[in-house]
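Inside the fold
Here are the chains, one letter per residue:
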Amino acid sequence: MLYLSTRGDQTPKQFCDILLEGLAPDGGLYLPASYPQVDAATLERWRTVYHTQGYAELAFEVLSLYIDDIPAADLRALCAKTYTVEVFGTGEIVPLRHLENGIWLEALSNGPTLAFKDMAMQLLGNLFEYELARRGETLNILGATSGDTGSAAEYAMRGKKGVRVFMTSPANRMSPFQQAQMFSLMDENIFNIAVDGVFDDCQDMVKAVSNDLEFKRKYKIGTVNSINWARLLAQVVYYFAGYFQATETNAQKVSFTVPSGNFGNVCAGHVARMMGLPIAKLVVATNENDVLDEFFKTGVYRVRTSADTHETSSPSMDISKASNFERFVFDLLGRDGARTKAFFGDALSRVGFFDLEAHPAFSQAAGKYGFESGKSTHADRLATIKDTWTRHGMMIDTHTADGVKVAREHLQAGVPMIVLETALPIKFAATIVEATGREPDRPARFEGIEALPKRVTHMAADAQAIQQFIAQHCA
Ligand SMILES: *Cc1c(COP(=O)(O)O)cnc(C)c1O
């Protein structure tokens, strides 16, 4: 399988080349040259594989269609090492629970940091360690986080050979639970940096360092952000696993509702459907930051300014633009790299929006791609959390609540609707208490983490300071 850029660069790349790269050199995102097609016989076989051999083996089946530069035995071992009961808590890895008429919750947040990002990041950690060892190289991952991504990256990379993580976060802005999760890690290859400022200041520092090409090369600076194709690919697997749990036979269809921010999670659903998974609808659920809801309703994709980006009680969906969305638009435009470049490279930087309403691909989109969308507000979130708790005894987190609220508006008779559960409620306890008057359950392994010793360096929002810090710790 070869990979190409959404902005037209056709230089063929293999999986392990793009694994350690971020954007393509022309500024686009990598996609496979084509989507492997899963025929009826294969889908039947995969159903049996999942139910009899388990999630790791299903992951190997899906991944091996996209990765041909890692020997099969090694890839199988990497999947087996990643998707274990010890790390994800159950044999199903992504168990399905029934919520109410036709609505199911697929649990993606029982990994080390209690959010769905572990599903992909845990695999990425093992892939990085494998590939760096094979090349005899090292990598220093530099990132900025407002919560979930940074901790998922740290828990995936801790103790891994050849990798260090330098993770900036805005000082005192994360929830006490999130801070404790990250700062209590004592691994020598993990560096937490609390920056005096807000998330954008952290991101600016990371950008400044990445733009210093000499420094970047000398210190082998890399990233693990959500546009990494390997992360997206890992997420494709749980769409198949959710389907096999919700249906008896492959003649049935299901729909998915996905709480969305950067469009990474739901883009994996798009890929699964392009491969042939029988998906009726993919429903995009947003919070008050409704860039994506606006697009699917009007055809206009309009990025927001920082001032126009709301701080909400589902903070992992507080985005001003959806960084993975370009992949979907590339497919929507019939994989026309020049047009994709005109929209994402030119129009967005020039006027901040583009409009696909009049484009034939968009008017067909509902039929051709089957996307729908909806949005949820703080009041909706509270009402939904309270309702699922009082009526079903089920506590859901704020992001999943956005999903459930929107899913209820998009049900179709006879088609199971699977809502992806993207975090556990304990991560966002304050809002859960506001909604239900109760503290959410805390998994035993997180008892008392707020009191653990912390390992964190405080720093001014200054790119030079972090460059010095990296240089010191790479000596
Ligand atoms: C990251 C995140 C999301 C949004 O996922 P995208 O792939 O960015 O759309 C939703 N919920 C939680 C809890 C997250 O951490």
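The present account deals with the structure reproduced in this document. (Residues numbered from 1 in each chain as written. Predicted model: local features only at pLDDT ≥ 70, side-chain atom pairs only at ≥ 80, totals over all residues. Heavy atoms only, no water.)

Of all the eight residues making up strand 10 (residues 279–286), seven are buried; the element is thus mostly covered by neighbouring parts of the structure. The pairing of strand 9 (residues 254–259) with strand 10 spans five bridges and is parallel. Looking at strand 10, one finds that Thr-257 is bridged to Val-283. As for the winding sense of the linkage, the β-α-β connection from strand 9 through helix 12 (residues 264–275) to strand 10 is right-handed. Of the strand pairs in this sheet, strand 10 and strand 13 (residues 371–375) are connected by five bridges, and their pairing is parallel. Its bridge partner being in strand 13, Val-284 is matched across the sheet by Ser-373. (Buried < 20%, exposed > 50% of the residue type's maximum accessible area, 1.4 Å probe, protein only. Helix = DSSP H or I, 4+ residues; strand = E, 2+ residues; numbered from the N terminus. Pairing = 2+ DSSP bridges. Right-handed = clockwise from strand over helix to strand, strands pointing away.)

Moving on, we come to the sheet that holds strand 15 (residues 457–460). Strand order in the open sheet formed by five strands is 8-5-6-7-15, with parallel pairing between adjacent strands. Two strands close off the open sheet at either side, each with one partner strand: strand 8 (221–222) and strand 15.

What follows is about the side chain of Thr-257. Mapping Thr-257 onto the fold places it in strand 9. Accessibility expressed as a relative area gives 0% for Thr-257, which makes it buried. Other than its neighbours up to four places away in sequence, Thr-257 contacts Val-283, Ala-285, Gly-403, Val-406, Ala-407, Met-417, Ile-418, Val-419 and Leu-420. (Contact = heavy atoms within 4.5 Å.)

Applying the stated criterion to the full structure yields 28 salt bridges. Arg-135 serves as the salt-bridge partner of Asp-17, at 3.6 Å between the closest nitrogen and oxygen. Taken together, the residues span a long stretch of sequence, with Asp-17 in helix 1 (residues 15–19) and Arg-135 in helix 6 (residues 117–135) at a distance of 118 residues. Using a relative accessible area of 35% as the deciding quantity, one classes Asp-17 as partly exposed. What makes Arg-135 partly exposed here is its relative accessible area of 34%. A network of salt bridges, in which partner residues are shared, links Asp-290, Glu-294, Arg-302, Arg-304 and Lys-375. (Salt bridge = Lys/Arg side-chain N within 4 Å of Asp/Glu carboxyl O.)

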